[in-house]
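Tertiary structure, described
Listed here are the chains, written in short residue letters.
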Amino acid sequence: MTTRRQFLRTTSLAAGLAIAPISRRAWASQSVQIGVVPPLSVFDYAQVQLLDGRLREQFDHNHDVFLHLDEDALLKPFRQREGLPAPGPDMGGWYDNADDFSPPENFHAFIPGHSFGQYLSGLARAYAVTGSSATQEKVHRLVKAFGETVEPAGKFYRGYHLPAYTYDKTSCGLIDAHEFAKCPDALDVHWRATQAALPYLPEKALSRAEQRARPHNMVADTWDETYTLPENFFLAYRRSGKSEYRDLAVRFIEQDYFGPLAEGQNVLPGEHAYSHVNALSSAMQSYLVLGDEKYLKAARNGLRFVDEQSYATGGWGPDEAFVPPGKGLLDASLGTTHASFETPCGAYGHFKITRYLLRTTRDSRYGDSMERILYNTIAGATPILADGTSFYYSDYNNSARKVHYRDKWPCCSGTFPQLTADYGISSYYKSEDGIYVNLFVPSRVSWSQNNTQCTLTQKTDYPHSESTQLAFSLPRPETFTVYIRIPAWAGAKTNVSVSGGRAEAGVEPGKFLALRRTWKEGDRIDVEFEMPMRLEPVDPENRNNVALVRGPVALFAVAPTPSKITSKQLLAATKVAQSSHDWKTQTDAGVLTLRPFADIMSEDYRLYLRVES
Ligand SMILES: [Zn+2]
């Protein structure tokens, strides 16, 4: 028997599908049983606008590239594998449907259509940020045309190397198309796409070791990422109200990973890096929906273990793997690999898990962790080109260069546009009593506080300048709390003032500073950070191999680097000029230039220098 509540839910959803324009209410998530509501929520994409600066440029560029992608090319692998007419050019690289994939030499046609869902997601989020109707229309067209290729008993996944991987990305794209681009068909397509994938998924999440132990045709068949599935299954459940998705999420929770992590056991070494950080977001959705604290503990401990084996940039996972701690292996990696950190994917996963943990715990150190990754990795990624040429690895080798990846349209071309669309919503969070300022980026956030429409505009050249200014605009005075993240590295001279007067609350590094008062039009918060220079060893076993770090920014030594340098010389670095991002210091062999990752172009550089004392 259908209960009244179910009836109302079904009818309101049906009404939402049938009429246009669709009311905002019809697009709310379904009322499903949720275990935990975090104290902090994200703003809608439209509520936070990035102002001019590097992050805005990255977002605009990615939006433009993906808005102009050929739609037939995007759909081609799906049409080909279902035996449908497939006009248009091939995308190239990993994306194509062809039969010459042969690892490790040839990665052409590695995972046909793998990142379609991520491009869809990036576009849906970009539409939500900008309101661009061309972007929304493209999302709607792509969902419709993709839906026409989906056969629940179809052939797409037959003989496919990583079915869970591609399904998971498709799932995310369709959920986002529904939620952020208000595409009415997307949930129906999602349901059918799920039916098409299920026969090709194992009975539970499988580690790579388990996949290797099972019969397989080739090595790529052991690289699937079933352990990242629960996050999007839970999101599909929350979006659609279908309990089948919740059951699927529970089925794919990797207990052998989260169980030990929850108990404080470091089971990361040897595991594939990005997908296991991404899986921590599945632990967070498991915690939020099921309400079991074990999953929160797993996520917190997991990220702690990741941070403990991070480079000074916040990047992690040389050769895409976590290393056993205590053996000096991060140091060793500097001489053996140029694949130091899988940057767009890794940064995307890192932003996602730190956003979940920050919202849940209100611990500002997750914001510190996010900004370290932001300024030292993704902000320095070279732009994706229209032909799919992409940035993939940050290189921390002793002889390093910034290069593009050899294959077009890799995984990192999928996460990059998603991440740049998320810059805004990662910067501020809403609490019941006010607003949290997490990132110091040029931006504007608007929200309703006790029915007063408030706008906060942040102007800054941080982290190159040591200050940020926040200005309020509101039609009448309103009382609420503004929480400012004071990074753990902040020096004792860090100072916060409100409309010219020193803030009453004491500034404590590693905490949010709470400023509660009745705010009025024209009020201002000024933050002056003291950014002490420090040296960070690559790992505890190699304390004399160090990176110079100032505030959130690692400073890379630009070639030629001296054969001898002391700690004192490094720590004495000064700015080349007030307007420059470069630093310099005197060594016995001459002047050494140091430069943030985002300013490095094609020059040789190195992150770590061995100091004599
Ligand atoms: Zn990647």
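Let us look at the structure shown here. This one's a predicted model, so the numbers in the text were calculated from it and none came from an experiment.

A closer look at the coordination of the zinc ion
- Every protein donor of the zinc ion is accounted for by Glu 342 (OE), Cys 345 (SG), Cys 411 (SG) and Cys 412 (SG), and the metal-donor separations fall at 2.1 to 2.3 Å.
- One can describe the site at the zinc ion as tetrahedral: its four donor atoms subtend angles covering 93 to 124° at the metal.

A closer look at the packing of helix 12 (residues 273-290) against helix 15 (residues 343-361)
- Across the interface, helix 12 lies against helix 15 with an axial gap of 9 Å and an inter-helix angle of 25°. Taken together, the axis directions place helix 12 and helix 15 in an arrangement best described as roughly parallel. The two elements helix 12 and helix 15 cross, and the hand of that crossing is left-handed. For the pair formed by helix 12 and helix 15, the contact residues are Tyr 274, Val 277, Asn 278, Leu 280, Ser 281, Met 284, Gln 285, Tyr 287 and Leu 288 on the first element and Cys 345, Gly 346, Tyr 348, Gly 349, His 350, Lys 352, Ile 353, Tyr 356, Leu 357 and Thr 360 on the second.
- Of the residues that constitute the contact of helix 12 with helix 15, the class distribution is 11 nonpolar, seven polar and one charged.

Section: the pairing of strand 11 (residues 495-498)
- Of the strand pairs in this sheet, strand 11 and strand 14 (residues 524-528) are connected by four bridges, and their pairing is antiparallel. Each bridged residue has a counterpart across the sheet, and for Val 496 the counterpart in strand 14 is Val 527.
- Here two bridges tie strand 11 to strand 12 (residues 501-502), and the two strands are oriented antiparallel to one another. Looking across to strand 12, one finds that Val 498 is bridged to Gly 501.

Quick word on the sheet that holds strand 7 (residues 443-449)
- Strands sit in the order 2-7-8-9-14-11-12 across an open sheet of seven strands; the sheet is antiparallel. Where the open sheet ends on each side, the last strands, each with one partner, are strand 2 (48-50) and strand 12.

Overview of the pairing of strand 14
- Alignment of strand 9 (residues 467-473) against strand 14, held across five bridges, turns out to be antiparallel. Across the sheet, Ser 467 pairs through a bridge with Glu 528, a residue of strand 14.

Describing the environment of Tyr 157
- In this structure, Tyr 157 sits in the loop between helix 5 (133-147) and helix 6 (163-180).
- A C-alpha to C-alpha distance of 43 Å links Tyr 157 and Leu 607, two positions 450 residues apart in sequence.
- Other than its neighbours up to four places away in sequence, Tyr 157 contacts Arg 81, Pro 163, Thr 166, Tyr 167, Ala 196, Ala 197 and Tyr 200.

Description of the environment of Pro 562
- With respect to the element layout, Pro 562 can be found in the loop between strand 17 (553-558) and helix 18 (567-571).
- Judged by relative accessible area, which is 15%, Pro 562 ranks as buried.
- When the C-alpha positions of Pro 562 and Ser 133 are compared, they lie 54 Å apart, and in sequence the two are 429 residues distant.
- The contact partners of Pro 562, leaving out residues within four places of it in the chain, are Thr 587, Ala 589 and Leu 592.

Section: the packing of aromatic side chains
- Overall, the coordinates contain 51 aromatic pairs when judged by the stated rule.
- For the ring pair Phe 78 and Phe 116, a centre distance of 5.3 Å and an interplane angle of 65° mean the geometry is edge-to-face. Here Phe 78, found in helix 3 (residues 71-81), pairs with Phe 116, found in helix 4 (residues 116-130); they are 38 residues apart in sequence, far enough to count as distant.
- Among the residues examined, Phe 78 registers a relative accessible area of 3% and is labelled buried.
- Residue classification places Phe 116 among the buried positions, given a relative accessible area of 1%.
- Between Phe 78 and Phe 156, the aromatic rings sit 4.9 Å apart at their centres with planes inclined by 20°, giving stacked as the arrangement.

Thresholds applied
Residues numbered from 1 in each chain as written. Predicted model: local features only at pLDDT ≥ 70, side-chain atom pairs only at ≥ 80, totals over all residues. Heavy atoms only, no water. Donors = N, O, S within 2.8 Å, 3.2 Å for Na, K, Ca; no water. Tetrahedral: all angles 85-135°; square planar, octahedral: opposite > 155°, others 65-115°. Axes fitted to C-alpha atoms, helices over the stretch in contact; angles between N-to-C directions. Helix = DSSP H or I, 4+ residues; strand = E, 2+ residues; numbered from the N terminus. Parallel < 35°, antiparallel > 145°, perpendicular 65-115°, else oblique. Left-handed = near helix turned anticlockwise from the far one by under 90°. Contact = heavy atoms within 4.5 Å. Nonpolar A, V, L, I, M, F, W, Y, C, P; charged D, E, K, R; others polar. Pairing = 2+ DSSP bridges. Buried < 20%, exposed > 50% of the residue type's maximum accessible area, 1.4 Å probe, protein only. Phe/Tyr/Trp six-rings, centres within 6.5 Å; stacked < 30°, edge-to-face > 60°.

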